[in-house]
Amino acid sequence: RRRVLELRAQGNKPDEVRTWQLTPGTRYRLGRAPDVDLAIPWDPRISRHHAEAWRHNGQLQVARHPESQQPIFYDGHMVERCTVGAQGRFVIGTT
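What you are looking at is a predicted structure, and each value in this text was computed from that prediction instead of being measured. (Residues numbered from 1 in each chain as written. Predicted model: local features only at pLDDT ≥ 70, side-chain atom pairs only at ≥ 80, totals over all residues. Heavy atoms only, no water.)

(A) Structural view of the packing of aromatic side chains. Per the counting criterion, the structure on display carries 0 aromatic pairs. Between the NZ or CZ atom of R27 and the centre of the ring of W54, over which it lies, the distance is 3.7 Å. (Phe/Tyr/Trp six-rings, centres within 6.5 Å; stacked < 30°, edge-to-face > 60°. Lys NZ or Arg CZ within 6 Å of the ring centre and 35° of its normal.)

Below you can see the structure in the form of structure tokens.
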């Protein structure tokens, strides 16, 4: 049985929360733009098209979108891409 992989965005205010279940084989675009798959509209430090995320071998893969001027942080370091395991977290903007 496959485990559900969830991605949660949490801002500073109680209403700044989104949770998505990620389907294997699908690439998701994250950002502030209304045309992205996983929209995080409340954070001005997130690019309109900030990153892509997808499942691979049960883990979350995250890569910065080529047009984004904003970083991704993982394990306290600025990265272009990362692999996030169970209960792991990465940061884009202030979210």
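(B) Representation of the environment of R8 within the structure. Locating R8 in the fold gives a position in strand β1 (residues 5–10). With a relative accessible area of 53%, R8 lands in the exposed category. Residues R8 and P66, spaced 58 residues apart in sequence, show a C-alpha to C-alpha distance of 23 Å. In this view, R8 contacts V17, R18 and T19; residues no more than four positions away in its chain are not counted. Here the side chain of R8 touches Q10 through a polar contact of 3.0 Å, side chain to side chain. (Helix = DSSP H or I, 4+ residues; strand = E, 2+ residues; numbered from the N terminus. Buried < 20%, exposed > 50% of the residue type's maximum accessible area, 1.4 Å probe, protein only. Contact = heavy atoms within 4.5 Å. Polar contact = N/O pair within 3.5 Å; in protein donor to acceptor, adjacent residues only side chain to side chain.)

(C) Expanded view of the pairing of strand β2 (residues 17–22). Note: β1 against β2, 6 bridges, orientation antiparallel. Its bridge partner lying in β2, A9 is registered against R18. Between β1 and the antiparallel strand that follows it, β2, lie 6 residues. (Pairing = 2+ DSSP bridges.)

(D) Layout of the side chain of D43. When you line up the elements, D43 lands in the loop between β4 (38–39) and β5 (51–56). Of the buried charged residues, D43 lacks a salt bridge, with R45 as the closest side chain of opposite charge at 5.7 Å. Here T94 takes part through its backbone nitrogen, which lies 2.6 Å from a polar atom of the side chain of D43. If we skip the residues at most four places from it in the chain, D43 touches R32, I92, G93, T94 and T95. (Lys, Arg positive; Asp, Glu negative; His and termini not counted. Salt bridge = Lys/Arg side-chain N within 4 Å of Asp/Glu carboxyl O.)

(E) Local environment of the environment of P66. In this fold, P66 is placed in the loop between β6 (59–64) and β7 (72–74). Residue P66 is classed as exposed on the basis of its relative accessible area, which comes to 73%. Between the C-alpha atoms of P66 and A86, which are 20 residues apart in sequence, the distance is 26 Å.

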